[in-house]
Every structure is written in structure tokens, then in C-alpha cells.
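Overview (structure and organization)
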Amino acid sequence: KQYFGHSSFREGQEQVVDAILQGRDALCVMPTGAGKSICYQVPALIFKGITIVVSPLISLMKDQVEALRRRNIRAAYINNNMSHEEVLTVLDNSIFGAYKFLYVSPERLSSSFFLGKLRRMKVCFVTVDEAHCICQWGYDFRPSYLGVSVIREVFPQCAVLALTATATSAVVDDIQQKLGFRERNVLKMSFERKNLAYVVRRVESVQDSLLHVLDS
């Protein structure tokens, strides 16, 4: 209510928040637009320390950080467009507790320099966004995501929250295995959209049928 203006959770969000507050690893499979970001932002604001968010796209990082800053929540990101001095400033500020959220690309986790700085931060938990990217038979595999599991070695006591909008049962299993989940914990939301209707029609002319639909 204070930060996001909501007096209640959407379907499934509270279960994910509870899992993180209990220190449990969790994989959240939730459709796009259903509010995945709330699932890690709420517990992050409750915990002391900083939340590391691994995200594959610079544009996503910037959008999330700007949205948080508009709510007077301290957040920062590191991307490849930044100079070494800018990166160093963000990392040192993170060590001294300047931020609640630090967004990084998966490639950063292959840097010994970055991991050295990370070890000095008070990290409360880790979020892996677009987690299907870790799966080699997922639709958007990113080899750099395979290195994300190193964060488990750096922070073995921290919970890991993996987020994705789409995952087959094989991808669900692979995400948990690759991220070293301490227990299987999948929280899957309904993909039903009550504002959408699906109709299948057998037609002789697709073009004529399309014109009919548009006219009506």
C-alpha cells in the first residue's frame, strides 16, 4: 500500500512473497502482465540488505529501476554501456547500503572483480528474471545464464527466486536443477485471461471471414 498503492495481492503473488520471506527457493511461472515484479520487490523492502536481480535485457533493467525510483525506492543497475568508474561507484555504493535493488546482467557473474565486490554486500536474496534463459531447450537460451548458479556458492544461505512467463515441465525441472534449488518449489499461476475469448471457426475464405469479423 505504501510503495505501490495496492491494498491486496493479485492471484498467486502472496504465495511467492511468503516463500521468499521463509527463506525458500521458488520458481514462479506467471503470465506476462500478472505482476511478477511485485513478488520480489515486496519481500526485498521487508528484508534488510540489498536484493540482486539478474536480468537479460538492458531495457528491462532501466525500466524497472526508473519505476522504483519514481516510488522513492533506491535502485541501480549495471550494464555494458557504463564506464569502469561508473560501475565502480555503483558497486561501492551497494556495499555501503545505498540501494535496495541492484540489477545486473548474467554476464557480470563471470567477472571475478564483480564477485569480489558482491561478497562484500549484505545480500538478502537473489532474483533471476526471465529464468527460462537458463534452459538449453528453452526458447530463449542465453549461455551466460549457465553461470548464474555461481551466486549460490557466494551466498549459500540466500533464497533464490526464479521468474518466467513460460515454461514446459522440462524447462521447469531444468531451471530448478541449474539454479541448485534446495527443494522443489514451483508456484504456477493460471494463464486464463477473463477478458479474452477464443473462438475457432472453419471457413472457406479466410479473407472474407476476417472482413466479416472486423465489420461486426
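For the structure, see preceding data.
Here is a short report on the structure shown in this document. Treat the numbers as computed from the prediction; the structure is a model and nothing was measured.

Structural notes on the sheet that holds strand β5 (residues 123-128)
- The strand order β3-β4-β2-β5-β6-β1-β7 describes an open sheet built from seven strands, whose pairing is parallel. Two strands close off the open sheet at either side, each with one partner strand: β3 (75-78) and β7 (186-188). Strand-to-strand twist in this sheet, taken as the mean axis angle between neighbours without regard to direction, amounts to 20°.
- Pairing of strand β2 (residues 50-54) with strand β4 (residues 101-104), which is carried by four bridges, proceeds in the parallel orientation. Across the sheet, V53 pairs through a bridge with Y103, a residue of β4.
- Sitting on the sheet, helix α2 (residues 36-46) touches β2, β4, β5 and β6 (159-164), and the angle it makes with β4 is about 135°.

A few points about the environment of G23
- In this structure, G23 sits in the loop between α1 (13-21) and β1 (26-29).
- Among the residues examined, G23 registers a relative accessible area of 37% and is labelled partly exposed.
- The spacing of G23 and A67 is 44 residues in sequence and 26 Å in space, taken between C-alpha atoms.
- In this structure, G23 is in contact with A159 and R182, ignoring residues within four places of it in sequence.

Some remarks on the packing of aromatic side chains
- Across all of its chains, the model carries two aromatic pairs by this definition.
- Plain terms: the ring middles of Y40 and F101 are 6.2 Å apart, the flat faces sit at 70° to each other, and that makes the pair edge-to-face. With Y40 in helix α2 and F101 in strand β4, this residue pair connects regions lying 61 residues apart in the sequence. The same class applies to Y40 as to F101, namely buried.

What counts and what doesn't
Residue indices follow the written sequence of each chain, beginning from 1 at its first position. Predicted model: local features are reported for residues with pLDDT of at least 70 only, side-chain atom pairs are reported and counted for 80 or more only, and whole-chain, interface and lining totals are derived from all residues. To obtain the side-chain values, all non-hydrogen atoms of the structure were included, while hydrogens and water were left out. By the convention used here, strands pair only if DSSP detects at least 2 bridges between them. Labels follow the DSSP assignment, with helices taken as runs of H or I lasting at least four residues and strands as runs of E lasting at least two, numbered in each case from the N terminus. Each axis is a line fitted through C-alpha atoms, taken for helices only over the stretch in contact, and angles between the N-to-C directions span 0 to 180 degrees. Two residues form a contact once any of their heavy atoms are found within 4.5 Å. Note on classification: 1.4 Å probe, protein chains only; a residue is buried when its accessible area is under 20% of the maximum for its type, exposed when over 50%, partly exposed between these limits. Stacked, edge-to-face and tilted are the three classes for Phe, Tyr and Trp ring pairs, Trp counted by its six-membered ring, which pair at centre distances within 6.5 Å; planes under 30 degrees apart are stacked, over 60 edge-to-face, the rest tilted.

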